[in-house]
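# Per-entry structural report
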There are 2 protein chains.
Amino acid sequence: MAIVVSGSRAHSRLLGELLASRLNLRFTVVEGKRFPDGELYVRVTSSVKGEDVIVVQSMEPPQNDALVELMLLVDALVEAGAGDITLFAPYLPYARQDRVFLAGEPVSVRAILKTLHGLGVRRLIVVEAHSERALSHFPGYVVNVNPLPYMAKLSGLGGDVLVVSPDLGGISRARGVAEALGARSSYIAKVRDRVTGVISMDAGSLDPRGLDVVVVDDILSTGGTLAEASRILLERGARSVQVIVVHNLNLPGALERVLGAGVSRITTSNTLPQPDHQALKVIDVTPLVAGEIARWVS
Amino acid sequence: MAIVVSGSRAHSRLLGELLASRLNLRFTVVEGKRFPDGELYVRVTSSVKGEDVIVVQSMEPPQNDALVELMLLVDALVEAGAGDITLFAPYLPYARQDRVFLAGEPVSVRAILKTLHGLGVRRLIVVEAHSERALSHFPGYVVNVNPLPYMAKLSGLGGDVLVVSPDLGGISRARGVAEALGARSSYIAKVRDRVTGVISMDAGSLDPRGLDVVVVDDILSTGGTLAEASRILLERGARSVQVIVVHNLNLPGALERVLGAGVSRITTSNTLPQPDHQALKVIDVTPLVAGEIARWVS
């Protein structure tokens, strides 16, 4: 029997409880605090000796605090004699820096994943990790859950929509959703200048006139990309535009920016803590994660 | 020829410049920024291919941001083909959690040091790392610089003082200073309840009547320990009490707390950024660090 151990963040606890309940596993949350000087402290208060552990850590900003707490937590589990350690990272930070774009840059996600493996994480399960390349830097066993088809179906969409990726790199995401719905897919090419950060978008000959469009992406950060793509689609005559995005970082003003572009609804998941908002539909992805874990945990 | 590369913090840059200048080495500071979502970015803009590198990272709060930037920086240096990587960490965070005090705790400093080694740091030079045990968790070559005798001499003290450790664990620090000055040393036993955090102090038969006392410690965090020790010494008739402490974290109210206990002067080092304060004397420790590095860098 494995045990689910969540980090000290409220959302880690929530996801850990959901997961443990679905898998019918024991659940414990670590004791966590911050010392007056800003250093973190964690303590595993249940016995984990000889037991396989599924660690659940939510990585909303401040991401670095979540990462360091996770490092300490894994060290504590190894110290306490835990068996195999699996990390469920609903949202993996630093995944977008999955290669060197300009000479002198790190592969940030490699530094993170090598570190977690080096400390004792043997298996990693993440939801939509931006790219397979990002996950290739983890030296252990990896599962990358793609929740988009599931989310698209649960949001009530059918085969009559046009599924659009706002980025060339996201084309397979849009295709996967389109396939699940029996719909067509297309894309807008986003070009980001790596130095200035300025984004330009090229919709080519895309013709959404009279169509209900679903824009599909992995991350809602500032909302700039999704807002711009939606604006272009509406300008070109789309009847409606809605968005499905796996991870909503819930940065200040981001939801408003996307909705301000004319988007009628945003569907996201609970990989990160979500606000209450009438235009935001949140889908629980722990059933998918539990399904994956059930394959290799007894 | 090695090259000194500092992290993006202002104090990292300052210490890196001091060190490079003393060692007559090339110096470069990384480009660093924070993305809108809170993730950090670093980039090494000078060529380091084939060159040994001395990384300088100042770790004042927020420590976790400093640690993650350091992880990314080391990854970037390895990616760029750097030779041997030495880390100069003027202040090593998490060093006080150098063992398991209560079952279920991590050895936090082990998690940090294993991580840095795993990413490519081969040699580590730190100033007063709290305990030799803390550094024993680094699997590479380590130098722990003890700046206290140097600081005591530069602060103009002589053999007529009584050197006091405010903690049993710091007795060898006080002895080292006393030896350097030709003075006597003693201690107060500090007992910290690991659960409640409550500290009690036992000065035993210590008799400081009529003496000028120097309290010596490694870290000034909230100032509670140093203030309490100083108060006891003055109550027992010490003529004056001053403090020498290697690392001043400069937390809000801490200096005032120590000075409010009747301490006449605090001498600290520049391992962390320091404020301007008339009762605070700051000693540059980079000459000591440069001396150590000069032994193994050509």
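Worth saying up front: this structure is predicted, and the values here are computed from it rather than measured. (Residues numbered from 1 in each chain as written. Chains lettered and ligands numbered in written order. Predicted model: local features only at pLDDT ≥ 70, side-chain atom pairs only at ≥ 80, totals over all residues.)

We now examine the overall build of chain A. Of regular secondary structure, chain A possesses nine helices and 16 strands. Compactness check: chain A gives a C-alpha radius of gyration of 20 Å against a globular reference of 19 Å for 298 residues, within 12% of the reference. In terms of overall dimensions, chain A has a C-alpha envelope of 60 × 45 × 35 Å along the principal axes. Considering chain A as a whole, with its 298 residues, one finds that 54% of them fall into the buried category. (Helix = DSSP H or I, 4+ residues; strand = E, 2+ residues; numbered from the N terminus. Rg over C-alpha atoms; globule rule 2.2 N^0.38 Å. Buried ≥ 20, exposed ≤ 12 C-beta atoms within 10 Å, placed from the backbone.)

In this section: the interface of chain A and chain B. Contacts between chain A and chain B engage 40 residues on the former and 40 residues on the latter. For the side of chain A that touches chain B, the element with the most residues is helix 2 (residues 63-79) of chain A, which contributes ten residues. (Contact = placed C-beta atoms within 7 Å.)

This next bit is on the relation of the copies chain A and chain B. Superposing chain A onto chain B takes a rotation of 180 degrees combined with a translation of 0.0 Å along the rotation axis, leaving an RMSD of 0.0 Å. On the angle and the small slide along the axis, the relation comes out as a two-fold axis. Counting the interface residues of chain A, we find that 100% of their copies in chain B are interface residues as well, pointing to one common contact surface. (Least-squares fit on C-alpha atoms with pLDDT ≥ 70 in both.)

In this section: the environment of Gly118(A). The residue Gly118(A) is located in helix 3 (residues 108-119) in this model. Residue classification places Gly118(A) among the partly exposed residues on the basis of 17 C-beta atoms within 10 Å. Remark: the alpha-carbon pair of Gly118(A) and Ser230(A), spanning 112 residues in sequence, is separated by 42 Å. Apart from residues no more than four positions distant in its own chain, Gly118(A) is found in contact with Lys114(B), Thr115(B) and Gly118(B).

Further remarks concern the domain arrangement of chain A. Examined at the domain level, chain A breaks down into domain 1 (3-145) and domain 2 (148-283). Listed by partner, the interface residues are eleven residues for domain 1 of chain A and nine residues for domain 2 of chain A. (Domains from an automatic or database assignment.)

Two elements in contact, helix 3 of chain A and helix 2 (residues 63-79) of chain B, have axes separated by 9 Å at closest approach and are oriented at 110 degrees. Here helix 2 of chain B runs roughly perpendicular to helix 3 of chain A, going by the angle between their axes. Contacts from Ser108(A), Arg110(A), Ala111(A) and Thr115(A) of helix 3 of chain A reach helix 2 of chain B at Met71(B), Leu72(B) and Asp75(B). Along the lines of polarity and charge, the residues of the contact of helix 3 of chain A with helix 2 of chain B split into three nonpolar, two polar and two charged. (Axes fitted to C-alpha atoms, helices over the stretch in contact; angles between N-to-C directions. Parallel < 35°, antiparallel > 145°, perpendicular 65-115°, else oblique. Nonpolar A, V, L, I, M, F, W, Y, C, P; charged D, E, K, R; others polar.)

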